[in-house]
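Each chain, written out:
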Amino acid sequence: MHRRRFPRARIWAWPAAAALLFTGLAGTEAVATTGAGGSAPARVLSVAPDGHGSACTTNSPCSLPTAQSEVRAATGRMSGDIDVVLADGTYRLDSTLEFDALKGDGGTHGHTVNYAAAPGAHPVLSGGERVGGWKQGADGVWQARVPAGTKTRQLYVDGVRGNIASEAAPGGLTQTATGYTTTDSTIEDYGNVTDVEFVYDIGWVQVRCRVASAAGTTITMDEPCFQNSVNRQYPISTGDLAQIQNAKELLDDPGEWYLDEHAHTVYYRPREGQDMRTADVEIPRLQTLVSGTGTLAHPLTGLTLRGLTFAYGGWTAPDGDDGFAETQANMRFTGENAWKYQGTCDKFSTTDPGTCPYGDWTMTPGNVVFDHATGLTVTGDTFTHLGAAGLQLGQAVTEADITGNVFTDISSSGMEIGNGADADPADLAVIPSHNTIADNWVHNIAVEYTGGIGIFQGYTRYDTITHNQIDDVPYSGISSNWGWGRVPVVKAAGNRITDNLVEDAMQQRGDGGGIYVLGQEGDSLADGLLISGNVVRYDANYGNGIYTDGGSQYVTETGNAVYGNDTASFGGCREPSAPYGDFSFTGNYYETLTPGFTCGDPDNATITGNTQIGSDGTGVPASLLANAGLEPAYAHLAAAPAGRAPVNLALHKPAQAQYLDGSTAALQPGSQASYATDGKPDTSTQATDQYLWQLVVDLQNTKSLGSATVTMPQSNFATAFHVDASTNGTDWTTVGKETDTGWGTIPVTFAAPVTARYLRIVADRPDQGGQRGSQMAIAEVGAYAPGPGNLALDAPTQALYIDGTKALLQPGSQPTYADDGDPATSTQATAQFRWMQKLDLGRARSVDVIALLQPDSAFATHWHVDVSLDGSTFWTVARHSDTAGGLSGVRLDSPVRARYVRIIADRPDNGAQLGGQMALSEVQVIGQQ
């Protein structure tokens, strides 16, 4: 298909611009680039965090507000673009940076106002306030004073989000009409009991309500939050209570914090390696960092934001009596009896109806917001450390180009486009339309309000969401439309969701999908929703890979690949008495061809010509996989930092396959001995006729060796083998032995360095038919000089649940057992099947191989590896499936630099599954210093 794209703002020729910007031209009329169509050269206004005066030149930069005043004075007579060039540093905003069409903030006469980073600069527009003056208490908790009136739900230490002090939900609670009775009156003794927040996990939403009072065994909850939550269609119950948060008395784990608003003091228990005397501690002070607005008659036009970072915006509304009574996708009930009247129309009563349209609930705001804007360009920007949603495109935003941005560490959704109210507005122009959301990396969002969406699209028209990568999100990756089929007239039409890569969605919530759809998408398939060319994989939890939920109509799915999800590849649930259907699902690649229409089949559905594929994506055309997600020009956005590969002394060296008597082994058809040292993991060497055989590699010169790796394919592997070394090829010494091994890359670290020219990999098991592994095959042999060995050994480590909170452990288990060097001990969580082990390597290292030793009695059958430099931004770098107890491992596609490594259990994710639950006897991280 052809993707519709509107003209983008000119691409800046930065090298030429830099040459002009830094020649010290005087005055504000300095030029940087030539405008489009032969227009006058762009006017340049240079700004800096400490800028002053009104010159706005490179040598004498002004402040951001001064530059904006200059822009406003000039836009009425524009003959060329205006470039506001931001130098490196943090711009601490005293108030919202407001762009207003009526005040002259937008481009005119076809020209553009560009707010952009200077070459090589990374300016940060911050709504945060730095907290200093930290003092250590006797219990290891540090404290600092903050101004009176300070409110925040977030705190960041050296760019890493802290966790609000919390603990697992206490037992002994019985729900009442106004709260709970309890067998444990501990909460009554908390110093600030009205700060305490109850957190409920229920299906696709997370609800948060605060305590109003606690007296003896009676706990009274804030209203109307509690009533809106217990009376909603899918009410909370005591069993849904997951945590209590926000009390100083709960501050017992590293990384936790608490703000005592009454004492104007913030408390923090540092993580390993954090020095509060020098740490940069930030709390949000502003909610809206940047806003842009106009009117229908005079929209904001010609504005570009390029290369900027928007950080440390907050949102404190959930602290109030309304709490966070979520309904779906971070929409929430607000006000008395909202559960009955807000956005319910006649669902509950025809004689006492609620407000319409159905689903018109209170939307979570954005920290960067635009409405009534045309031709907006947001590109190359980063949205991070935010307490609401990242970017919100509201009413009457048209022809916006949101391309090449990063959205991460955001409390709510990454992006919000449209809303749940404007289904059939009096003026169609208020519906966002013809916007392009392309090549953005959206990950690790909804970290506080876990029902949030990677990219939320409410009622919109002719919008295109394409080539984005969305990963590690707690609920759905992309959500389109609203209304559940209960809105009589919906003017949404012509939207496109194409060529996106969505993976590791649904990490915490349920009943969603990598791509999730609601309501009527048009008037026919021709102007309905097109879902095409997307890859959706590795979803956790229940739902569907691509989910056409209540009221979905006029949806085309074609050319998508959906696999590796813990759910049906496609399907949905129809709402009673609501239209549902008019689907065309053809030419897709689904792991499961049986749809998950659990509430009844759709009407008028064409489901033909789809191809069944493997859970690992086998059968998906390579071109489809290559095309989905970020395009080549933007691939760097999601690329993990490159590490340095160790020198493999066995690479391309001669190899010989032998039987154990030393005779030349016959090989499986198509196999060659050289495949074991050719550097290609998709080829392998395997003998035939005898189960036990050995591979001899001639390094061609005598080498000092400290370790080896043996990579074996998933289909055929040794469950036990040993490694011999020799200087002459005749006299051999065993230097390493591994038992209970699985497929993948197995590291073998020698007890002491050895001098050898020859290495021999000898199969010990399987030694007959019917045994696990079938027969050893070798994809690659690695031989390495002495190095640092296992970088994870005795590293600081934590056992965490998927939401990042401290995991409860099985009796007798400790987090340190996972890297203590003792295979007889192990770390294992309890209460939740999925959990992760996080290791701190102390400083950035080059990482090449990850290996796990798991007990035969408890193991993950599927797991993946994330890495990070700062503990905030993580990249998924490896996956392993079909794992059993024992030793298994994976070599990364290419080495990465990382300080932090996370081992995340994907399956088992519920009871009665093979493995029971992940336990870790030892984690090995192999790489270089």
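Residues numbered from 1 in each chain as written. Predicted model: local features only at pLDDT ≥ 70, side-chain atom pairs only at ≥ 80, totals over all residues. Heavy atoms only, no water.

If you look the protein chain up in an unreviewed UniProt entry, it shows as Right handed beta helix region from Actinacidiphila guanduensis.

(A) Structural view of the packing of aromatic side chains. Applying the stated criterion to the full structure yields 29 aromatic pairs. Measuring from centroid to centroid gives 5.8 Å for Phe570 and Phe585, while their planes differ by 90°, and the two rings are edge-to-face. Taken together, the residues Phe570 in strand 53 (residues 568-572) and Phe585 in strand 54 (residues 581-586) connect sequence positions 15 residues apart. Comparing Phe570 with Phe585 shows no difference in burial state: the two are buried. Every member of this aromatic cluster is reached through a ring pair, and the members are Phe333, Tyr358, Trp361, Phe456, Trp482 and Trp484. (Phe/Tyr/Trp six-rings, centres within 6.5 Å; stacked < 30°, edge-to-face > 60°. Helix = DSSP H or I, 4+ residues; strand = E, 2+ residues; numbered from the N terminus. Buried < 20%, exposed > 50% of the residue type's maximum accessible area, 1.4 Å probe, protein only.)

(B) Up close: helix 2 (residues 64-74). Within helix 2, burial applies to Leu64, Ala67, Gln68, Val71 and Ala74. The buried side chains of helix 2 occupy one side of the element, clustering within an arc of 125° when seen end-on. Away from its buried face by more than 90 degrees, helix 2 exposes Pro65 and Ala73. Of the surrounding elements, those touching the buried residues of helix 2 are strand 2 (41-47), strand 3 (82-86), strand 4 (90-92), strand 5 (97-100), strand 6 (113-117) and strand 7 (124-126). (Arc of directions from axis to C-beta. Contact = heavy atoms within 4.5 Å.)

(C) Highlighting the sheet that holds strand 18 (residues 205-215). Strands sit in the order 14-20-17-18-19-16-15 across an open sheet of 7 strands; the sheet is antiparallel. Of all strands in the sheet, those bounded by a partner on one side alone are strand 14 (166-168) and strand 15 (173-175). Each neighbouring strand pair of the sheet contributes to a mean axis angle of 30°, computed without reference to strand direction. In this structure, strand 16 (residues 179-182) lies alongside strand 19 (residues 218-221), joined through 3 bridges in antiparallel fashion. In the strand pairing of strand 19, Gly179 is matched with Thr220. (Pairing = 2+ DSSP bridges. Axes fitted to C-alpha atoms, helices over the stretch in contact; angles between N-to-C directions.)

(D) The domain arrangement of the protein chain, seen in detail. By the assigned domains, the protein chain splits into domain 1 (135-282), domain 2 (407-430 + 440-633), domain 3 (655-784) and domain 4 (797-926). Centre-to-centre, using C-alpha coordinates, domain 1 lies 34 Å away from domain 2. Each side of the interface is counted separately: domain 1 has 11 residues, and domain 2 has 13 residues. Contact between domain 1 and domain 2 buries roughly 950 Å² in total, counting both sides, with carbon and sulfur atoms accounting for 33%. Of all residues in domain 1, Arg161, Trp204 and Gln206 give up the largest surface area on contact with domain 2, accounting jointly for 54% of the area buried on that side. At the junction of domain 1 with domain 2, the criterion picks out 4 salt bridges. Residue Arg161 pairs with Glu448 through a salt bridge whose shortest N-O separation is 3.9 Å. (Domains from an automatic or database assignment. Buried area = accessible area lost by both parts, 1.4 Å probe. Salt bridge = Lys/Arg side-chain N within 4 Å of Asp/Glu carboxyl O.)

(E) Here's a closer look at the pairing of strand 61 (residues 720-726). The element strand 61 is extensively covered by neighbouring structure, given that 7 of its 7 residues are classed as buried. Going residue by residue along strand 61, you find Ala720, His722, Asp724 and Ser726 tucked away on one face and Phe721, Val723 and Ala725 tucked away on the opposite face as well. Pairing of strand 61 with strand 63 (residues 741-765) involves 7 bridges; the strand directions are antiparallel. What sits directly across from Asp724, in strand 63, is Arg760.

(F) How the structure looks around the sheet that holds strand 22 (residues 265-268). On the basis of which strands lie adjacent, the open sheet formed by 5 strands has the order 9-10-22-21-13 and mixed pairing. In this open sheet, the two edge strands, each paired with only one partner strand, are strand 9 (135-136) and strand 13 (163-164).

(G) How the structure looks around the state of the cysteines. Applying the stated criterion across every chain yields a total of 4 disulfides. One disulfide bridge connects Cys209 with Cys225, the sulfur atoms lying 2.0 Å from each other. On the sign convention where negative is left-handed, the bridge of Cys209 and Cys225, at about -80° about the S-S bond, is left-handed. Of the two residues, Cys209 is situated in strand 18 and Cys225 in helix 3 (residues 225-230); the sequence distance between them amounts to 16 residues. Between the sulfur atoms of Cys573 and its disulfide mate Cys599 the distance is 1.7 Å. The chirality of the disulfide connecting Cys573 with Cys599 is left-handed, given an S-S dihedral of about -85°. Of this pair, Cys573 sits in the loop between strand 53 and strand 54 while Cys599 sits in the loop between strand 56 (596-597) and strand 57 (603-608), placing them 26 residues apart in sequence. By relative accessible area, Cys599 is classed as partly exposed at 35%. By sequence order of its bonded cysteines, the protein chain has the disulfide arrangement 1-2, 3-4, 5-6, 7-8. (Disulfide = S-S within 2.5 Å.)

(H) View of the UniProt feature "domain: F5/8 type C" (unreviewed entry) in the protein chain. The UniProt record marks residues 644-761 and 783-928 with the feature "domain: F5/8 type C" (unreviewed entry), using the residue numbering of this structure. End C-alpha to end C-alpha, residues 644-761 measures 26 Å, and it is 0% helix and 51% strand. A helix fraction of 0% and a strand fraction of 48% characterise residues 783-928, whose end C-alpha atoms lie 14 Å from each other. (UniProt positions renumbered as here; feature names shortened; annotations may be inferred.)

(I) Geometry of the environment of Ala247. The topology assignment puts Ala247 in the loop between strand 20 (241-245) and strand 21 (256-260). What makes Ala247 buried here is its relative accessible area of 2%. What Ala247 contacts, discounting residues up to four positions off in sequence, is Ala165, Tyr190, Val196 and Tyr258.

(J) Examining the environment of Gly80 more closely. By the element assignment, Gly80 lies in the loop between helix 2 and strand 3. Apart from the residues lying within four places of it in its own chain, the contact partners of Gly80 are Ser39, Ala40 and His111.

(K) Structural detail: the side chain of Glu557. In this structure, Glu557 sits in strand 51 (residues 553-558). Although Glu557 is buried, it makes no salt bridge; Arg496 carries the closest opposite charge, 14 Å away. Looking at Glu557, its side chain comes within polar contact range of the side chain of Tyr590, at 2.8 Å. (Lys, Arg positive; Asp, Glu negative; His and termini not counted. Polar contact = N/O pair within 3.5 Å; in protein donor to acceptor, adjacent residues only side chain to side chain.)

(L) Representation of the nonpolar core in the model. Of all hydrophobic cores here, the largest spans 123 residues; its most connected members are Leu64, Tyr115, Leu125, Phe198, Phe370 and Leu393. At 5 residues, strand 18 tops the list of elements feeding residues into this core. When residues of this core are sorted by domain, at least three fall in each of domain 1 (135-282) and domain 2 (407-430 + 440-633). Sequence-distant contacts of Leu125, that is, excluding residues within four places in its chain, are made with Leu64, Leu86, Tyr91, Leu93, Leu97, Leu289, Val290, Leu308, Thr309, Phe310 and Ala311. Among the nonpolar cores identified, the runner-up in size contains 37 residues, and Leu839, Val847, Val867 and Leu920 belong to it. (Core = buried A, V, L, I, M, F, W, Y, C linked by side-chain atoms within 4.5 Å.)

(M) View of empty space enclosed by the protein. Counting across every chain of the model gives 2 cavities of 30 Å³ or more. Of the voids in this model, the largest cavity is the one considered here, and its volume is about 70 Å³. Forming the walls of the largest cavity are Thr152, Arg153, Ile164, Asp195, Arg210, Asn246, Trp257, Leu259, Glu261 and Asp319. Class assignment for the residues of the lining of the largest cavity results in 3 nonpolar, 2 polar and 5 charged. (1 Å grid on protein atoms, 1.4 Å probe; cavity = no way out; pocket = protein on both sides within 12 Å on 5 of 7 lines; lining within 4 Å. Points joined across faces, edges and corners; volume = space filled by probe spheres on them. Nonpolar A, V, L, I, M, F, W, Y, C, P; charged D, E, K, R; others polar.)

(N) Examining the environment of Ala673 more closely. Mapping Ala673 onto the fold places it in the loop between strand 59 (655-659) and strand 60 (693-712). Spatially, the C-alpha atoms of Ala673 and Val211 are 69 Å apart, while their sequence positions differ by 462 residues. Not counting the four nearest positions on each side in its chain, Ala673 is found in contact with Ala655, Gln656, Ala657, Leu667, Thr685 and Leu695.

(O) Summary view of the pattern of salt bridges. For the structure shown, the criterion picks out 31 salt bridges. Residue Asp698 pairs with Arg757 through a salt bridge whose shortest N-O separation is 2.7 Å. A residue pair is termed long-range when its members are at least 10 positions apart, and Asp698 in strand 60 and Arg757 in strand 63 qualify at 59 residues. For Arg757, a relative accessible area of 26% corresponds to the partly exposed category. One salt-bridge network, held together by shared partners, links Arg153, Arg161, Glu197, Arg208, Arg210, Asp319, Asp409 and Glu448.

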